[in-house]
Every structure is written in C-alpha cells, then in structure tokens.
Amino acid sequence: MSDVRVSHPVKADVPAPSPSGVPTAARRRGPTPDWAYGLAGIATMFVVWELVVRTGAVSADSLPYPAATMRRAGELLVDATFLTEVAQTLWAWLLAMLAASAVGIPLGLTLGYFSAFYRPSSSVVHAGRSIPSSAFLPIAILLFGLGTQMKVSLAIYAIFWPILLNAMYGVRDTEPLMLATGRSMGWGRTRLLTRVVLPSAAPSIATGLRVASSTALIVVLSAELLGATSGVGTVITTYQQAQRPDFVYAGILLVGLLGMALYYGFNLVERLVVPWGQAQRESGR
Amino acid sequence: MNPVTIQPHQPGPGTDTPMLAVQELGKSYPSRKGDVLAVRSIDFAVHAGQFVSVVGPSGCGKTTLMMCIAGLLPITTGNVMFRGERMSGPRDGVAVVFQDYSRSLFPWLTVEKNVALPLRDRGLPRTEIRDRVRESLEMVGLAHAAALHPWQLSGGMQQRVAIARGLAVRPEMLIMDEPFASVDAQTRASLEDLLLKVWAETGTTVLFVTHDIDEAVYLSDRVVVLSQGPSVVVEDLPVELDRPRDQIATKQTALFGELRENVYSLVMASQRRTSLSGDPH
Ligand SMILES: Nc1ncnc2c1ncn2[C@@H]1O[C@H](COP(=O)(O)OP(=O)(O)OP(=O)(O)O)[C@@H](O)[C@H]1O
Ligand SMILES: [Mg+2]
C-alpha cells in the first residue's frame, strides 16, 4: 500500500542521474545521526579550550591544556581510590532515584487520578518545588552529618517534585477519548487504569525520571563539593586544596562524561520502553 | 418501511421490536452558569440490519447524542432501548467508531493489538482472536499493516483500523460518529464504499452520524435530520435508492438529487427557525 508513512526516504528502484555530479547514493543517505552532532560539539569545545589557553586569554596555571587534562583524566580512570569515590557518588545518586521514584510515582499517579486531590495538591507541589534543595543543606548536615545520608536526602528533595509532577500530569493528560474507547468495550475502573491511564502516563513519567537523573547528580556533586566526606566532589576539592588544577579539571571532565552517559542512557531506555511518547511528540500530537 | 436488502444475522425478538429505540432523549451538560442543553428531545428507531444516518449542522449535538446512545454519557431525560431493554451503560454487541479516530487508537499497541482489544476478556481462544483480527483487517484492506503502530499510518488508514476494531467483535450494531470527516475526498469515497461492502457482508446494523448530506443520502436506508442545537428530529426520511450503490451512477439519479435537496432544505429551514426565534431555552 502506498499510504504507509515511513520515516526514511524511500529509495527509488532506478537511481536518477545526479545533475550536479554528486553521487546520488551519498545524497540519499539518511539524516546525520545524533552522535555525529554530539562529537562535533565536543570537538569544538576542545578547540576553543586549546585556543583560550594558547592565546593566554586564561593562564595555563588556572586552566591547564586539554591534552594535559586528558592525560590526568586517564590516570584518574585507573586510580582505584578515584573509582571508589565515583562509585560512592553513583550509589548516592541511585539511592535518591530509587527512593524518590518509589514514593513520587505512586503518589503522583494517585493525586492525578482522583480529581478531588489534584487541585489542593498541585498548589503544595508548586510551592515545594520552588525551594532549592540547597536551602536545606544546613538542616541536612545537622540531621544526617556529612555522609551519604545527607547527600541522598538533599537529592531526594530536589528530584521528588519533577517525578511527582510528571506522574500527576501524565495521568491528568490521559486522552478522554481513549478512556471512552475503553469504556465502550466494557472496561471497568481497574482495566481502564492498567490499560489506558498507566500506558498514557508512562512517557511523561519517563521524562520526569530523565530530568530527575541529571538533577540528582548535580545535587549529589554539589553536596560533595560543599563538605560531604565521600564521592567525586570531595576528590575535586582535595586536588583544589593541593593546587593541582590539572587534576581538578580532569575530575570535572569525567563528571561531565558521567552526566552525559546517564542522559543518553535514559534517552535510550526511554526510546525502548515507551516508544509511543517519542512518536507522538514527533508527529506533533 | 423500506425494503432492507440485507437480512440481519441476528434477527430481533419480534419483527416489530426495533433494535434501537431512542425515546425523547434529552441531554444537558452541567456548567457553572447552570445546565447547558445540548440535545432537547430526540425520537427515532433503528431496525435490525438497517443503515441509518443522523445528519445535523455542526454543534447541534450529534456527538453528544451518539455518546448517550452508546451508553458512554448519562442521559438527562428519556430512554435508550436496545432490543426492547433499557440501556444503562456500554453493552456488548454495540461497537463505537469515534469522530477523532487518531485519539481513540492506542499508540502503544500495534494495529493488530488495537483491533484485538475488544476481543480480550471474552474467554476466546487465542487462535480465534487471531483469526478474527486478521479477518477484520482484511475487510478494511489493512492485513499488511498489522504489525505497525497507529502513528506510522496515514489518517485514512488509522480510520480503517478504528473501523476494523469495531468490526472485530462482530457487533450487532455499529455506531459511527462522523468517521470520515477528516480525510480527503477520494479516501472518503473509498471508505464509504468499503463501509457499504462490509455492511452488506456482515449484516450489522449501522447508526451513522454525519454533517454531510450527500454522504448520509448515499449510504443510508433512512436519514434522520436534526435541527440546530439543542436538537430535535426535524424529519425521518426513507431513502429508497437501489443497492448496491455507486459513487457516480447513484449520485446522478433524479431520486438522489431530490433527496439531497430535500434534506438540505430541511436543515436550512431548521437553522432559519432557530435563528429567527432566538434561543427559546
Ligand atoms: N463535555 C461538554 N461539556 C459541556 N458542553 C458540551 C460538552 N460537549 C459538548 N458540549 C456542547 O454541546 C453542544 C453539542 O456538541 P456536540 O459535540 O455534540 O456537537 P456535534 O453535533 O457533534 O458537533 P460537530 O458536528 O462539530 O462534531 C455544543 O454546543 C457543545 O458546546
Ligand atoms: Mg461531533
């Protein structure tokens, strides 16, 4: 059938001669893949960095050359103590994600599903999420000391709101016509919930988790830079006090990579688990 | 009663008990400024195997009426009787194809699974479900698209999936709300003919809602004309055009022209009446 919508250009059976002399096959190749753009962006960043140091715009004492930083990063990557601290950071991140999702998702689904709860709760949510988690740093230190618990509690506070809100909105935005469709097939409340409401809300929940994942990493690292006793952040502060900017930047670079890996990981999982969210966004519905 | 060419596969209990009887149906929506009347009072009946269209101007309450008849909206006044029994909610044997098909298909399911949905929970063996899904997809010419997701299809194809889903349960009655309103003219014509073919093959009773007068006359055994909202029935018109119908030949007949003009002037007159007398509510 000719009316199937395909995302890639359909190849004609007979290649048309190319007037400009450019091989047709090359022009028919699909759009540039995302990773190519990503690499170009990173390459540009390194070139600018190199230029900034070489021209003396920033002195090499405060910003080392990219090549030196890369070497240090390589050393850190095989350094067992550094890797242990990375594991500490990731552990705090994971605990925060698990705890916040375990509470935020079911609560968000419930608040979104029952209209009686929705309005009163959304005002609380909007108030809660406008307070930055750093406001609670002193209290968290008093309550939990400088260990993992403190980092995790701050991160949970920061990511609880996006997770909760996205679950609430996901449920609220369930298409009424899809519910009517289910009801016309004789489905009761439970079936409507599992067969319509949850799958409808899933892409939104996934978005909430993706946002939360970056935020959680940022909060955990900030807590580490501001005084926690374990994690990548503390390594960076230690090198800073030892006046080793090359290691400081190497650490920052690796943290950046970690954040990027988490982001792309989440994107990938999202595309595999809830492909319909993506597809609907793309078709502009 | 005009001759029905297709014998119903499940004849009603008595020959004079209609499959569907809508009695003084009225519906108002609650709103902050008091209730808004969408449907004033509708009366009509559909006999088994018939193809009946409901036409009316946009906003006159067709979707509301259809949702009430399908048991998806509580009715305010009157009754909907199905085979002589009062209907109080959605029921087996009645399938609905909605106006906005793109939002009534589930994007997380493949075409095949969307069509299989109404067959679940019925204790049917897996093979039976598979066969029926295949059969209904074949009827609408979409067997090849079974494994695709709705978003990978064109609008016309999505509408055919929605129709296939309606057919999969082998419904006694198929209620369709402006199913072809948002597809282009050619697709529309071919979907109309497809629907007539499927109707002839299955013997399903069809209640077809549309604002398109030509479409209503072309498809139906009877056309129920509604006034502007809050709607009442202006006329219940038999359409005694020969079947099978043909997009060109049927539409060129004198009778088709006459019926079309008749329905058109009824709709216009009802609009004039309501606009001259203001809002009588
Ligand atoms: N959920 C609702 N709440 C309040 N009023 C509604 C609701 N749905 C419809 N209405 C009102 O009821 C009237 C009839 O609407 P309806 O959608 O049934 O018309 P329609 O004939 O199907 O129109 P169209 O041809 O444009 O599809 C309109 O005036 C509309 O504003
Ligand atoms: Mg409508």
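Residues numbered from 1 in each chain as written. Chains lettered and ligands numbered in written order. Predicted model: local features only at pLDDT ≥ 70, side-chain atom pairs only at ≥ 80, totals over all residues. Heavy atoms only, no water.

Per an unreviewed UniProt entry, chain B goes by the name NitT/TauT family transport system ATP-binding protein and belongs to Micromonospora haikouensis.

As recorded in an unreviewed UniProt entry, chain A goes by the name NitT/TauT family transport system permease protein, listed as coming from Micromonospora haikouensis. UniProt's Sequence similarities (unreviewed entry) comment on chain A is quoted here verbatim: "Belongs to the binding-protein-dependent transport system permease family." Of the comments in the UniProt record for chain A, the one headed Subcellular location (unreviewed entry) reads "Cell membrane". (UniProt positions renumbered as here; feature names shortened; annotations may be inferred.)

1. Let's talk about the side chain of A:Thr174
All names here are of chain A. Relative to the helices and strands, Thr-174 is located in the loop between α7 (148–172) and α8 (176–184). The exposure class of Thr-174 is buried, given its relative accessible area of 6%. With sequence-adjacent residues up to four places away left out, Thr-174 is seen in contact with Leu-179, Val-196, Val-197 and Ser-200. (Helix = DSSP H or I, 4+ residues; strand = E, 2+ residues; numbered from the N terminus. Buried < 20%, exposed > 50% of the residue type's maximum accessible area, 1.4 Å probe, protein only. Contact = heavy atoms within 4.5 Å.)

2. Let's talk about a nonpolar patch on the surface
Residues and elements named next belong to chain A. A contiguous nonpolar surface patch, about 440 Å² in accessible area, is contributed by Ile-42, Leu-257, Met-260, Tyr-263 and Tyr-264. Structurally, Leu-257 can be placed in helix α11 (residues 245–273). On the accessibility criterion, Leu-257 (44% relative accessible area) is partly exposed. (Patch = residues over 30% accessible without salt bridge, like charges linked within 9 Å, V, L, I, M, F, W, Y side chains within 5 Å. Areas by Shrake-Rupley, 256 points an atom, 1.4 Å probe, with all protein chains shown as cover. Salt bridge = Lys/Arg side-chain N within 4 Å of Asp/Glu carboxyl O.)

3. Some thoughts on the coordination of the magnesium ion (ligand 2)
All names here are of chain B. On the protein side, the magnesium ion (ligand 2) has Thr-63 (OG1) and Gln-99 (OE1) as donor atoms, found 1.8 to 2.4 Å from it. Separated by 36 residues along the polypeptide, Thr-63 in helix α1 (residues 62–69) and Gln-99 in the loop between β6 (94–97) and α2 (111–116) bring together distant segments of the chain. The exposure class of Gln-99 is partly exposed, given its relative accessible area of 30%. (Donors = N, O, S within 2.8 Å, 3.2 Å for Na, K, Ca; no water.)

4. Topic: the interface of chain A and chain B
Taken together, the contact between chain A and chain B spans 23 residues of the former and 31 residues of the latter. The tally of links between chain A and chain B comes to three salt bridges. The closest approach of N and O atoms between B:Asp121 and A:Arg191, which form a salt bridge, is 3.5 Å. Joining chain A to chain B, the criterion identifies three residue pairs in polar contact (both at pLDDT 80 or more). The set of elements that each furnish at least two residues to the side of chain A that touches chain B consists of α8, α9 (189–225) and α12 (275–282) of chain A. It is α8(A) that provides the largest number of residues to the side of chain A that touches chain B, a total of six residues. Its residues placed into classes, the side of chain A that touches chain B shows twelve nonpolar, four polar and seven charged. (Polar contact = N/O pair within 3.5 Å; in protein donor to acceptor, adjacent residues only side chain to side chain. Nonpolar A, V, L, I, M, F, W, Y, C, P; charged D, E, K, R; others polar.)

5. Here we look at the site of ligand 1
All names here are of chain B. In the region of ligand 1, the neighbouring residues are Tyr-29, Ala-38, Ser-58, Gly-59, Cys-60, Gly-61, Lys-62, Thr-63, Thr-64, Gln-99 and Glu-178. Measuring from an oxygen atom of ligand 1, one finds a backbone N or O atom of Cys-60 at 3.2 Å. Burial of ligand 1 by the protein chains amounts to 58% of its free accessible area of 630 Å². Here the shell around ligand 1 takes three residues from α1, the largest share from any one element. (Near = heavy atom within 4 Å.)

6. Notes on helix α4 (residues 155–168) of chain B
All names here are of chain B. Taking 1.5 Å per residue, 14 residues should reach 20 Å; α4 reaches 20 Å between its end C-alpha atoms and fits that length. Burial within α4 is extensive, with 13 of its 14 residues counted as buried. Within two residues after α4, Arg-170 carries a phi angle of roughly 50 degrees, on the positive side. (Expected span 1.5 Å × (residues − 1).)

7. Remarks on the UniProt feature "domain: ABC transmembrane type-1" (unreviewed entry) in chain A
The UniProt record annotates "domain: ABC transmembrane type-1" (unreviewed entry) at residues 86–270 of chain A. The straight-line gap between the two end C-alpha atoms of residues 86–270 of chain A is 25 Å; of that span, 85% is helix and 0% is strand.

8. Quick notes on the UniProt feature "transmembrane region" (unreviewed entry) in chain A
Under the present numbering, the feature "transmembrane region" (unreviewed entry) in UniProt falls on residues 35–53, 90–118, 130–148, 154–171, 215–235 and 247–266 of chain A. Helix makes up 100% of residues 154–171 of chain A and strand makes up 0%, while its end C-alpha atoms are separated by 27 Å.

9. So, the environment of B:Leu219
All names here are of chain B. Position of Leu-219 among the secondary structure elements: in helix α6 (residues 213–219). Here Leu-219 falls in the buried class, since its relative accessible area comes to 0%. Each C-alpha atom, one on Leu-219 and one on Arg-245, is 8.0 Å from the other, the two residues being 26 residues apart in sequence. Setting aside residues no more than four positions away along its own chain, Leu-219 makes contact with Phe-51, Glu-192, Leu-196, Phe-208, Arg-243 and Arg-245.

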